[in-house]
Amino acid sequence: MQYNFDEYADRVIQRYKLKKKNETEFGEQPCPHCGGTDRFWISNFNGELKHHCRQNCDPLERLKAMEKDGALPEFYYDTEPLYFHKKRIPLLAAYRQYSKTIVKLVNVKTHKFAGNQTILPSGKKIFSKGLVKEGVGAFIGKQSSQLYVCEGWATAVAV
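Quick caveat: nothing in here was measured; it's all calculated off a predicted structure. Sequence order sets the numbering: in each chain, residues are counted from 1 along the sequence as written. Selection of residues for local features in this predicted model requires a pLDDT of at least 70, selection of side-chain atom pairs for listing and counting requires 80 or more, and totals for whole chains, interfaces and linings are taken over all residues. Excluding hydrogens and water, the side-chain figures rest on all heavy atoms present in the structure.

(A) Spatial organisation of the overall build of the chain. In this description a helix means any DSSP run of H or I spanning at least four residues, a strand means any run of E spanning at least two, and both kinds are numbered starting from the N terminus. The helix and strand inventory of the chain stands at four helices and nine strands. In sequence order, the secondary structure elements of the chain are arranged as α-β-β-β-β-α-α-β-β-β-β-β-α. Structurally, the chain occupies a C-alpha span of about 50 × 35 × 30 Å along its principal axes. A total of 159 residues make up the chain; the buried ones form 33% of that total. Between two residues, a contact is recorded if the distance between any of their heavy atoms is within 4.5 Å. Considering only contacts within the chain whose residues lie at least 6 apart along the sequence, 44% involve residues at least 24 apart. Shrake-Rupley sampling with a 1.4 Å probe provides the accessible areas, and residues are treated as covered by the protein chains on show and by no other component. Surface accessibility of the chain: about 10600 Å² in total, with carbon and sulfur atoms responsible for 48%. In this scheme, a residue with accessible area under 20% of its type's maximum is buried, one over 50% is exposed, and one in between is partly exposed, where area comes from a 1.4 Å probe on protein chains only.

What follows is the structure, given as structure tokens:
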């Protein structure tokens, strides 16, 4: 669920007593979902309120905790299954961000980060703005002497 930063940030800042880090970030408090100290912060990203945790706990569970705490209003979620659930594959070399599957893409020669592929529950794929796809891919599993080249992330995970 996307929240407008200007509309909801003050509620979150007050509820969790977040400190101003810079012009676009507030934080350094316990995460509403996993706890701990100095883990949780929010940021303004193109007008959207984004929430983060250094522990990398589940963003959807963190969002639900913030809604339960009254920091954000509760919304109903899409009931469409996640992409990797539909494909019946594990979440390898990727992570969930709400209902999206995010695949980290790297240059296959240098292993430097190149961008992300976002896969919606519908199967629609969206690449990071400006991503040059040539020579880019995702490494799945442990490094070995064999390399399988596949057309897509789900195919590679299945292989």
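(B) Geometry of unusual backbone geometry. Phi angles above zero are rare outside glycine, and Asn46 is one such case at about 55°. Along the polypeptide, Asn46 turns up in the loop between β3 (35-45) and β4 (48-53). Its identity is not glycine, yet Ala93 carries a phi of approximately 55°, on the positive side. Of note, Ala93 is situated in the loop between α3 (83-86) and β5 (94-97).

(C) Here's a closer look at the environment of Ile13. Within the secondary structure, Ile13 sits in helix α1 (residues 5-16). Expressed as a C-alpha distance, the spacing of Ile13 and Gly27, which sit 14 residues apart in the sequence, is 7.9 Å. If sequence neighbours within four positions are ignored, Ile13 has contacts with Leu18, Phe26 and Ile42.

(D) Structural context of the pattern of salt bridges. The working definition used for a salt bridge is a side-chain nitrogen of Lys or Arg within 4 Å of a carboxyl oxygen of Asp or Glu. Under the criterion given, the structure shown has five salt bridges. A salt bridge links Glu23 to Lys20; its shortest N-O distance comes to 3.6 Å. As far as burial versus exposure is concerned, Glu23 and Lys20 are alike and both exposed. Here Glu48 and Lys50 are joined by a salt bridge, their closest N and O atoms 2.9 Å apart. Given a relative accessible area of 22%, Lys50 falls into the partly exposed group.

(E) Quick peek at α1. One less than the residue count of a helix, multiplied by 1.5 Å, gives the span that helix is expected to have. The terminal C-alpha atoms of α1 lie 15 Å apart, and with 12 residues this matches the ideal 16 Å at 1.5 Å per residue to within 8%. Every buried residue of α1 is accounted for by Phe5, Tyr8, Ala9, Val12, Ile13 and Tyr16. Along the axis of α1, the buried positions cluster into a sector of 145°, meaning they face one direction only. Those residues of α1 that are exposed and angled more than 90 degrees off the buried face are Glu7 and Gln14. On its buried face, α1 sits against β2 (25-31), β3, β4 and α2 (59-68). Throughout this description, a polar contact denotes any pair of N or O atoms lying within 3.5 Å of each other; where both atoms belong to protein, one of them has to be capable of donating a hydrogen while the other can accept it, and for residues adjacent in sequence the pair is counted only when both atoms sit in side chains. A distance of 3.0 Å separates the backbone nitrogen of Asp6 from a side-chain oxygen at the start of α1, and that oxygen is part of Asn4. When we speak of the arc, we mean the arc of directions from the helix axis to the C-beta atoms.

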